[in-house]
Amino acid sequence: MIMNQRIKNIIIVGGGTAGWMTAAALSKTIGCRSCKITLVESEQIGTVGVGEATLPLINLFNKNVLGLDENEFVRETNATFKLGIEFADWRKVGHSYFHPFGHIGVDMDGISFMHYWLRWYKAGGGLDFSRFNAETEAARSLKFMRTTNEPGPKVMPDIYYAFHFDASLYAAYLRRYAEKLGVSRIEGMIESVNQHPDNGYISSLVLKNGETIEGDFFIDCSGFKGILIEQVYQAGYYDWSHWLPVNRAAAVPCESAGELLPFTRSTARESGWQWRIPLQHRIGNGYVFCDQYISEDEAADKLLSRLDGRALDKPKSLRFVTGVRKKAG
Ligand SMILES: Cc1cc2nc3c(=O)[nH]c(=O)nc-3n(C[C@H](O)[C@H](O)[C@H](O)COP(=O)(O)OP(=O)(O)OC[C@H]3O[C@@H](n4cnc5c(N)ncnc54)[C@H](O)[C@@H]3O)c2cc1C
């Protein structure tokens, strides 16, 4: 970008969830009239394909920023409702803990509910802390409802929820949304990046077919590759492997089985943990592990042997380093 110059041409690099979320948000907020917005992606590379479980902040983005109709979004992405996360077998095999979204109990007179509960519990009160959370109770009974906005006294607390959805369908849905608002899409593999010789800012991308794409503001949504942020600007990376010692995942979808659970399940395993994410049409599963303790083949076999339904594909292998980029932009 050239400083002190109005941005007229934004280029988004990558068309996974990050790319199309960015395109949708920019086309909605700044619009495509005075500023051209283009997204470049390569079908040959594809997207990471995981990223199906979300947190309640997704509502802020979908509803408040984009103004999406929630029922339509649920239909288009095969989404299900998520009230929290069950952590199974983490403390010891057989033990489970539910992390709910939403509040536990009601704070009174400026004092957190936890203090009331502690005093009551010490005095012999028998109910577990989690029993005072609506999301936990609903999840245990496999129930879900949205907060009602009916007039009159409130008998239920607000319900905090997120979604499980098919990440590829979400990207495709947001692509339709963004293209309707004027975002252009270019299909092509980026081979090199040009920079202004005077200030080092990115000036254009060069595709494999020789096409040059110029812009004055570039956003890197190229996933692990970090085509701009790492390959060009070498943002650096804080490696968190010593805190989160996992570096691989095997992921596989399976057929739906049993009741639809309104929560994500995370189960501790011998060399990591396994996720279970129920969608309308299938269950997403993955074994996150460390290759120092288990081989890729063994992890894939263990995952396949612990599915609730018939596997719908071969396990996909993912490699990553836990951590965060040193600079975001
Ligand atoms: C094991 C695992 C589990 C995860 N689970 C969750 C989860 O449950 N919930 C969650 O929110 N997140 C999860 N994540 C994180 C989430 O998957 C990612 O943050 C997100 O999906 C990444 O999307 P993205 O758009 O950044 O990248 P990607 O999906 O990788 O998309 C990259 C895009 O860049 C394009 N691209 C790359 N190189 C080029 C090139 N040279 N030329 C042109 N285009 C190019 C590709 O075509 C693609 O369109 C998980 C991640 C991992 C590894």
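Counting restarts for each chain: residues are numbered from 1 in the order of the written sequence. Local features in a predicted model are, by the rule used here, given only for residues with pLDDT of at least 70; side-chain atom pairs are given and counted only at 80 or more, and totals for whole chains, interfaces and linings are based on all residues.

Our next topic: unusual backbone geometry. Despite not being glycine, L142 has its phi angle at roughly 55 degrees, a positive value. Helix and strand assignments follow DSSP, with helices taken as H or I runs no shorter than four residues and strands as E runs no shorter than two, numbered in order from the N terminus. Assignment of secondary structure puts L142 in the loop between α5 (134-140) and β6 (162-164). Phi at Q234 takes a positive value of approximately 45 degrees, unusual for a residue other than glycine. You can see Q234 is positioned in the loop between β11 (217-220) and β12 (237-239).

Its domain assignment divides the protein into domain 1 (9-52 + 166-234), domain 2 (84-156) and domain 3 (239-325). Computed from C-alpha atoms alone, the centre-to-centre distance between domain 1 and domain 3 is 29 Å. Taken together, the contacts link six residues of domain 1 with nine residues of domain 3. Residue ranges for the domains originate in an automatic or database domain assignment. Residue pairs are scored as contacts if the distance between their C-beta atoms, which are placed from the backbone, is within 7 Å.

Interaxial angle, 0 to 180 degrees, is taken between N-to-C directions of lines fitted to C-alpha atoms, where a helix line uses only the stretch in contact. As a packed pair, helix α1 (residues 17-29) and helix α6 (residues 167-180) sit with axes 9 Å apart at the nearest point and diverge in direction by 25 degrees. Considering the angle they form, α1 stands roughly parallel to α6. Taken as a pair, α1 and α6 cross one another with a handedness that is left-handed. Note on element contacts: α6 touches α1 through A167, Y170, A171, L174, R175, Y177 and A178, opposite T17, W20, M21, A23, A24 and S27. For the contact of α1 with α6, the residue count by class is 10 nonpolar, two polar and one charged. Angles below 35 degrees are treated as roughly parallel, those above 145 as roughly antiparallel, those between 65 and 115 as roughly perpendicular, and all remaining angles as oblique. Left-handed describes a crossing whose near helix is turned anticlockwise from the far helix through less than a right angle; right-handed describes the clockwise counterpart. When residues are sorted by character, Ala, Val, Leu, Ile, Met, Phe, Trp, Tyr, Cys and Pro go into the nonpolar class, Asp, Glu, Lys and Arg into the charged class, and all the rest, Gly among them, into the polar class.

A few words now on the sheet that holds strand β9 (residues 202-207). Reading across the sheet, the three strands line up as β8-β9-β10 and stay open at both edges, with antiparallel pairing between neighbours. Bordering the open sheet on either side are β8 (190-195) and β10 (212-214), each of which pairs with just one other strand. On average, each strand axis in the sheet is inclined to that of its neighbour by 25 degrees, with strand direction left out of account. Of the strand pairs in this sheet, β8 and β9 are connected by five bridges, and their pairing is antiparallel. Each pair of strands is called paired provided DSSP finds at least two bridges between the two strands.

Attention shifts here to the site of the ligand. Using the backbone to place each C-beta atom, any residue with that atom within 6 Å of a molecule or strand is considered near it. Around the ligand, the structure places 31 residues, and the nearest of them are G14, G16, T47, G51 and G223. Residue assignment for the shell around the ligand shows that the elements contributing at least two residues are α1, β2 (36-41) and β16 (283-289). No other element matches α1, which puts three residues into the shell around the ligand. Considered class by class, the residues forming the shell around the ligand number 15 nonpolar, 13 polar and three charged. Mapped onto the domain boundaries, the shell around the ligand takes at least three residues apiece from domain 1 (9-52 + 166-234) and domain 3 (239-325).

Our next topic: the nonpolar core. I12, V13, A23, A24 and L174 are the most contacted members of the largest nonpolar core, which has 49 residues in total. It is α6 that contributes the most residues to this core, seven residues altogether. Not counting chain neighbours up to four residues away, the residues in contact with A23 comprise I12, I37, L39, A178 and V183. For the purposes of this analysis, a nonpolar core is taken to be any set of buried Ala, Val, Leu, Ile, Met, Phe, Trp, Tyr and Cys residues that are connected through C-beta atoms within 7 Å. The exposure label follows from counting other C-beta atoms within 10 Å of a residue's C-beta, where the C-beta atoms are placed from the backbone and the thresholds are 20 or more for buried and 12 or fewer for exposed, leaving partly exposed in between. By size, the runner-up hydrophobic cluster in this structure holds 10 residues, among which are A251, Y287, V288 and A300.

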